[in-house]
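Survey of secondary and tertiary structure
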Amino acid sequence: MSAEERVREAVAGRREEVNAAIGEQLPIQRPEQLYEASRYLLDAGGKRLRPTVLLLVAEALTDIEPQSEPYRSFPGLDGSPIDVMSAAVSIEVIQSFTLIHDDIMDDDDLRRGVPAVHREYDVETAILAGDTLYSKAFEFMLETDALPERQVRALDELATTCTEICEGQAFDVSFETRRDVTTDEYLEMVELKTAVLYAAAAAIPAILLGADDEVVDALHGYGLDIGRAFQIQDDVLDLTTPSEKLGKQRGSDLVEGKQTVITLHARDNGVDVDGLVDADDPEAVTEAAIDDAVAELEGVGSIEYARDLAQELVASGKERLEHLPENEARGLLCDVADFLIEREY
Ligand code: IPE
Ligand code: IPE
Ligand code: MG
Ligand code: MG
Ligand code: MG
C-alpha cells in the first residue's frame with residue numbers, strides 16, 4: 001500500500017467514527033431550524049483531517065493498536081480513561097463553524113459540494129448556526145473526563161485558538177485592499193486563520209492524556225507547520241482544481257482579491273495580479289479565464305514557489321514528531337503531513 005493509500009484508509013476509518021459521534025453529540029432539537037442548519041455542513045461531508053490528527057496523536061501517545069476497540073476512550077498516561085473522541089468532535093465542530101462564517105465573509109456559495117449555509121438558509125441563520133457550533137465545541141471539550149486541570153488547559157488552548165482564528169480572518173480580509181503585503185505577513189495570517197486549529201488538534205490530546213510539556217509543545221509545533229503547509233496547498237487548489245472535485249468554487253480567491261503566497265510571488269515577479277481576472281464581473285471569471293491566469297502564474301514559477309514552501313514546512317513538522325513513541329500511529333502522522341500538500345482536493 002502506498003503512503004497516500006495508507007492515509008486515505010486511516011482518515012476514512014476515523015471519519016466514520018467521528019461522524020457517528022457527531023450524530024450522538026449534536027442531535028436535532030428545538031428550535032429545529034437552528035440545529036438543522038448547524039448540522040447541515042457537518043452532514044454534507046468534509047475530510048475530517050483535524051479530528052483524524054487528534055485521534056492519531058492519542059493513538060501514538062498511548063501506543064494502542066490503531067483502530068482497536070473501544071475507540072472513544074483512551075487510557076490516560078497515568079490511568080483513567082479519557083474520552084478523546086469528544087475532543088475530536090469539538091475540533092471538527094469548530095472547523096464547521098469557521099467555514100460557515102468564512103463563506104459569508106468570502107461571499108462563497110458552494111461548500112462541501114452543497115450550497116453554503118447562508119445560501120441554503122439565510123445569513124441570519126448561518127451566523128446563528130456558526131455561533132451555536134462555536135459554543136457547543138466548548139461544551140464537548142468539557143466532556144472528556146480528564147483531570148480538572150487538564151480540562152482547563154485544553155479549554156484554554158481551544159479559546160486561544162478561536163481568538164487567533166478571528167485575528168487571522170481579520171488579516172485575511174484586510175489584505176484584500178492592500179497591495180504591499182509581504183510573505184512574512186501572509187505566513188502570520190495563515191498561521192492564525194488555519195494552522196492554529198491543526199496545532200490545537202495535535203496538542204489537545206497530549207494535554208488531556210497527561211503528556212510532558214515538551215511533547216505538547218512539539219505537537220503544537222507540528223500542527224503549526226503542517227497547518228501552514230495545508231493552507232498554502234488550499235491556495236494552490238483554489239486555482240487548479242475544478243469546483244466539482246473541490247466542493248467549493250474554483251478561482252474564488254482571484255475574484256475576492258485574496259493575497260496568497262502565489263499572488264505575492266507573482267507580483268514580485270512583475271505579473272499584474274489584479275488584471276488576471278475581472279473581479280468586478282464575477283460572471284466573466286470563466287474556467288478559461290482561470291486557466292489563463294494559472295498559466296501566467298505557472299510561467300513565472302509562483303505555483304512551484306508555493307509548493308516548495310509548503311514542502312519545507314511539512315519537512316519541519318515531521319521532524320517534531322521525534323518526541324513521540326515510535327509506532328504505527330506516529331508513522332501515519334508523518335504520512336498525513338505529506339498528504340496535506342499532495343492532495344488534489
Ligand atoms: C477548509 O478546510 C478551510 C481551510 C482552512 C482552507 P478543509 O479543506 O479541511 O475543509 P473540509 O473540512 O474538508 O471541508
Ligand atoms: C479559510 O481560508 C480559513 C478559515 C476557515 C478559518 P479560506 O477562505 O481559504 O478557506 P476556503 O478556501 O474558503 O475553504
Ligand atoms: Mg473561504
Ligand atoms: Mg477565507
Ligand atoms: Mg481557500
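Heads up: the structure comes first, above all this text.
Scope of this entry: the structure provided in the associated data block. Since the model is a prediction, treat every value here as computed from it, not as a measurement.

Bringing the coordination of the magnesium ion (ligand 3) into the picture now. Each angle at a metal carrying four tetrahedral donors should ideally be 109.5 degrees, and each at a metal carrying six octahedral donors should ideally be 90 or 180 degrees. Protein-derived ligands of the magnesium ion (ligand 3) are D102 (OD) and D106 (OD), with the metal-ligand distances lying across 2.1 Å. A distance of 3.1 Å spans the gap from the magnesium ion (ligand 3) to the magnesium ion (ligand 4), which D102 bridges by coordinating each metal. On the accessibility criterion, D102 (13% relative accessible area) is buried. When its relative accessible area of 9% is taken as the criterion, D106 is described as buried.

Here we take up the site of ligand 1. Looking at ligand 1, the residues that line it are G46, K47, R50, Q95, L99, R112, T194, F230, Q231, D234 and K248. Separating an oxygen atom of ligand 1 from a side-chain N or O atom of K47 is a distance of 2.6 Å. In the complex, 90% of the free accessible area of ligand 1, which totals 390 Å², lies under the protein chains. Elements with a contribution of two residues or more to the shell around ligand 1: helix 4 (84-105) and helix 9 (213-240). For the shell around ligand 1, the leading source of residues is helix 9, giving 3 residues. In terms of residue class, the shell around ligand 1 is made up of 2 nonpolar, 4 polar and 5 charged.

Around ligand 2, the surrounding shell consists of T98, L99, D102, D106, R111, I165, Q169, K193, T194, Q231, D234 and K248. D102 is positioned such that a nitrogen or oxygen atom in its side chain is 2.9 Å from an oxygen atom of ligand 2. At the level of elements, helix 4, helix 7 (148-175), helix 8 (183-209) and helix 9 are the ones that each hand at least two residues to the shell around ligand 2. Looking at side-chain class alone, the shell around ligand 2 contains 2 nonpolar, 4 polar and 6 charged residues.

With that settled, consider unusual backbone geometry. Cis geometry marks the peptide bond from R30 to P31; its omega dihedral reads -10 degrees. With respect to the helices, strands and loops of the structure, P31 is situated in the loop between helix 1 (3-25) and helix 2 (32-44). Positive phi is not limited to glycine here, since R112 has a value of about 50 degrees. Following the sequence through the fold, R112 ends up in the loop between strand 3 (110-111) and strand 4 (114-115). The phi dihedral of D145 is positive, around 65 degrees, even though this residue is not glycine. Positionally, D145 belongs in the loop between helix 6 (123-141) and helix 7.

With respect to the helices and strands, D335 occurs in helix 15 (residues 328-342). Non-local contacts of D335, meaning those with residues more than four positions away in its chain, are made with A3, R6 and V7.

With their axes 10 Å apart at the nearest point, helix 4 and helix 8 run at an angle of 160 degrees to one another. Considering their axes alone, helix 4 and helix 8 lie roughly antiparallel with respect to each other. Handedness of the crossing formed by helix 4 with helix 8: right-handed. Seen from helix 4, the contacting residues are V84, A87, I91, I94 and Q95; seen from helix 8, they are L197, A200, A201, I204, L208 and L209. Looking at the contact of helix 4 with helix 8 residue by residue, the class counts come to 10 nonpolar, 1 polar and no charged.

About the thresholds
Residues numbered from 1 in each chain as written. Chains lettered and ligands numbered in written order. Predicted model: local features only at pLDDT ≥ 70, side-chain atom pairs only at ≥ 80, totals over all residues. Heavy atoms only, no water. Donors = N, O, S within 2.8 Å, 3.2 Å for Na, K, Ca; no water. Buried < 20%, exposed > 50% of the residue type's maximum accessible area, 1.4 Å probe, protein only. Near = heavy atom within 4 Å. Polar contact = N/O pair within 3.5 Å; in protein donor to acceptor, adjacent residues only side chain to side chain. Areas by Shrake-Rupley, 256 points an atom, 1.4 Å probe, with all protein chains shown as cover. Helix = DSSP H or I, 4+ residues; strand = E, 2+ residues; numbered from the N terminus. Nonpolar A, V, L, I, M, F, W, Y, C, P; charged D, E, K, R; others polar. Contact = heavy atoms within 4.5 Å. Axes fitted to C-alpha atoms, helices over the stretch in contact; angles between N-to-C directions. Parallel < 35°, antiparallel > 145°, perpendicular 65-115°, else oblique. Left-handed = near helix turned anticlockwise from the far one by under 90°.

Bear in mind that shape data such as this cannot, by itself, settle questions of function.
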